[in-house]
Amino acid sequence: VTVYPLAYPTISDLHDEAICLGASVTFAPALTADDATFAYRWMASDDNLAPTYEVKPNAAGVMPISFRGSAVYVKDNKRYECASDVIVRVTAYALPEVTYEGITEVCKNVPLDITAHGADTYEWKRGNQLIAGDNNDKLEITPDESYEYTLTGTENHQFSYTVGNATQEKNVACHTTIT
């Protein structure tokens, strides 16, 4: 009788992620085990067998994704698998609901204020040019002709995840732009 001690695969490059709603993230884990080939299985709503998996949530919240990586061995013309399972979570943050208030029709050279709501920070542009000094919730202008102004609101989210034994952090900035 021949006994084959077969190794479970080590899974790396796979951890929780955070994105803004409407964006996607692609997972591409690395599997390692001596003398093995590998099989991938993403057990989400579909049963995907590809080595990568793209996730694009359609609602804000946390979405768990199950992954099974298998080390495949062939010994004496028989196929053996040793599998490791991991669950990762995708956190999808909602986009800010940016609105503005204020009069947008005035006589030439009359000052006006437009105030933004719904985000943490704001950026105002006239055409494609950033309006210096007005990266806050209030746009104060004295128009001498008609221009289209663009308002981008940003909400920042701090996201923590673990890689090995280390905690990592990243900022996820979600934007909404209106004209």
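Residues numbered from 1 in each chain as written. Predicted model: local features only at pLDDT ≥ 70, side-chain atom pairs only at ≥ 80, totals over all residues. Heavy atoms only, no water.

Novice: I tried to follow the sheet that holds strand β12 (residues 121–126) on my own but got confused; where do I start?
Specialist: Strands in a sheet are paired, the pairing made by backbone hydrogen bonds, and the direction either parallel or antiparallel. In spatial order, the strands read β13-β12-β15-β16; together these 4 strands make up an open sheet with antiparallel pairing. At either margin of the open sheet sits one strand with a lone partner, and together these are β13 (129–130) and β16 (166–178). In this structure, β12 lies alongside β13, joined through 2 bridges in antiparallel fashion. By the bridge assignment for β13, Lys125 is matched with Leu130. (Pairing = 2+ DSSP bridges. Helix = DSSP H or I, 4+ residues; strand = E, 2+ residues; numbered from the N terminus.)

Novice: Help me understand the pairing of strand β15 (residues 149–163), please; the structure alone is not making it clear to me.
Specialist: Within a regular beta strand, the side chains point alternately toward one face of the sheet and then the other, so they alternate between its two faces. The sheet contact formed by β12 and β15 spans 6 bridges and is antiparallel. The residue bridging Lys125 from the neighbouring strand is Thr150, located in β15. Summarising the sheet, β15 and β16 pair through 13 bridges and their orientation is antiparallel. Bridge pairing in β16 places Tyr161 opposite Gln168. Remark: 2 residues form the turn of the hairpin made by β15 and β16, two consecutive strands paired antiparallel; Gly164 in that turn has positive phi of roughly 65°.

Novice: Is there a simple way to think about the state of the cysteines in this case?
Specialist: What we call a disulfide is simply a covalent bond connecting the sulfur atoms of a pair of cysteines. Per the counting criterion, the structure on display carries 1 disulfide. Covalently, Cys20 is tied to Cys174 through a disulfide, its sulfur atoms 2.1 Å apart. Given an S-S torsion of about -95°, the disulfide between Cys20 and Cys174 has left-handed geometry. Linking Cys20 in strand β2 (residues 17–20) with Cys174 in strand β16, this pair joins segments that are 154 residues apart in sequence. (Disulfide = S-S within 2.5 Å.)

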